[in-house]
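Observations on the three-dimensional arrangement
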Amino acid sequence: MKPLVALNWKMYRSAAQEIAAARQLVELGNYPATLAVFPSFLSLYSITEQLKGSAIELGAQDCAMAAPGAYTGQVAAQSLVELGCRWCIIGHSERRMYLGETDELVVAKVNQALAARLQPIVCVGETAQERAAGVTLAVVEKMLEPVQGKVGLCIAYEPVWAINSGTTPTAQELERALGHIRKIMGAECRVIYGGSISGATASILKEVPSCQGALVGKASLDVQELKKILESMSN
Ligand code: PGA
C-alpha cells in the first residue's frame, strides 16, 4: 500500500487562494505516495477541474450526517462524490472542540460517507491532560467503539496536543497508538498519523511500522515543506 499524504487545508485560505495553491500542487509531479488535498467546500468545484489529468485526489473536510433533506448549511456526502471527492475527513478534533461534534454525529457521518462511497478518514486522539493521565489507549479505544467493525475506513491518530504545536509523539508512542488502532480496526483499515508533521518531523514516520500515511495541516500550505515531507516518506 502506498502511503497516503492527506493535505488538510482547514480554513487557512480564501477560496481564491486555495485555487491558486492547487495549481502549484499539480506542478509537484509524481511521488510514490497517494496525495490527497482537502480544501474548503467552496473551492472543491474549481479544484476538481484543476486536478483533472493529475494523480492528486480530492477530499472534503466534513460531510452531512444525513441524506439530502432539510438540513440548512450542510453538504451531503453524495454531492461531494459528484464533485469528484474520494475522501472525507470526519470528526476532526477542531470540529469536536469548536462545534461540539459527538461520537454519535461522527458515526452518522461515517455511515453517510460509506453509503455514498466516499472514504472516511476518522480522526481520534487524546488531549494533553489525558496523555498526562496515561489513558491514551483507553481514550482512542472509546472513540473507535462506534465505528468498530465498519469496513473501508481510514483512521487518523491525531493527538489534540500535537496538532499545530510543533511537537509530535515519539516513534515508540506512535507505534503503540497506531498498532493498537490496527489491532482494533483490523488489518485492512489504513492507519495514519496527524499533528505537526512538517519537513523537519516527517522522517519519524519511517520509524513507525504501523503508520501508512500522514494528515498534514499547517505544513501542507507550503510547497517546499510538502516536497520535504513527500521525500522523507518515500525514501
Ligand atoms: P497540523 O494539523 O499539521 O497543523 O498540526 C494536522 C491536522 O489537524 O490535521
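Our structure is the block above this text.
Report follows, based on the coordinates. All of these numbers come straight from a predicted model, not from anything done at the bench.

Right, let's talk about the overall build of the protein chain for a bit. Within the protein chain, the regular secondary structure consists of 9 helices and 8 strands. Relative to the globule expectation of 18 Å for 235 residues, the C-alpha radius of gyration of the protein chain, 17 Å, shows essentially globular dimensions. Considered along the principal axes of its C-alpha atoms, the protein chain spans approximately 45 × 45 × 30 Å. Each of the 235 residues in the protein chain was classed as buried or not, and the buried ones make up 52%. Of the roughly 10600 Å² of accessible surface on the protein chain, 53% is carried by carbon and sulfur atoms. Separation of charge centres in the protein chain, based on 21 positive and 22 negative side chains, amounts to 3 Å.

Let's shift gears to the nonpolar core. Ranked by internal contacts, the top residues of the largest apolar core, which has 65 residues, are Val 5, Leu 144, Ile 155, Ile 181, Met 185, Tyr 193 and Leu 205. The element that contributes the greatest number of residues to this core is helix α8 (residues 171-185), accounting for 7 residues. Dropping the residues within four chain positions of it, Leu 144 is found in contact with Val 124, Ile 155, Ile 181, Ile 184 and Met 185. Judged by nonpolar contacts, the second largest core, of 12 residues, contains Ala 6, Trp 87, Cys 154 and Ile 192.

Right, let's get into helix α9 (residues 223-234). Every α-helix winds through 3.6 residues per turn, so residues three or four apart in the chain are directed the same way. Here α9 contains 12 residues, and its C-alpha end-to-end distance of 16 Å stays within 8% of the 16 Å for a straight helix at 1.5 Å per residue. Listed as buried for α9 are Val 223, Leu 226, Ile 229, Leu 230, Ser 232 and Met 233. The elements touched by buried residues of α9 are β1 (4-8), α1 (15-26), β2 (34-38) and β8 (213-216). Sitting at the amino-terminal end of α9 is Asp 222, which places a side-chain oxygen 2.8 Å from the backbone nitrogen of Gln 224.

Quick notes on the rules
Residues numbered from 1 in each chain as written. Predicted model: local features only at pLDDT ≥ 70, side-chain atom pairs only at ≥ 80, totals over all residues. Heavy atoms only, no water. Helix = DSSP H or I, 4+ residues; strand = E, 2+ residues; numbered from the N terminus. Rg over C-alpha atoms; globule rule 2.2 N^0.38 Å. Buried < 20%, exposed > 50% of the residue type's maximum accessible area, 1.4 Å probe, protein only. Areas by Shrake-Rupley, 256 points an atom, 1.4 Å probe, with all protein chains shown as cover. Lys, Arg positive; Asp, Glu negative; His and termini not counted. Charge placed at Lys NZ, Arg CZ, Asp CG, Glu CD. Core = buried A, V, L, I, M, F, W, Y, C linked by side-chain atoms within 4.5 Å. Contact = heavy atoms within 4.5 Å. Expected span 1.5 Å × (residues − 1). Polar contact = N/O pair within 3.5 Å; in protein donor to acceptor, adjacent residues only side chain to side chain.

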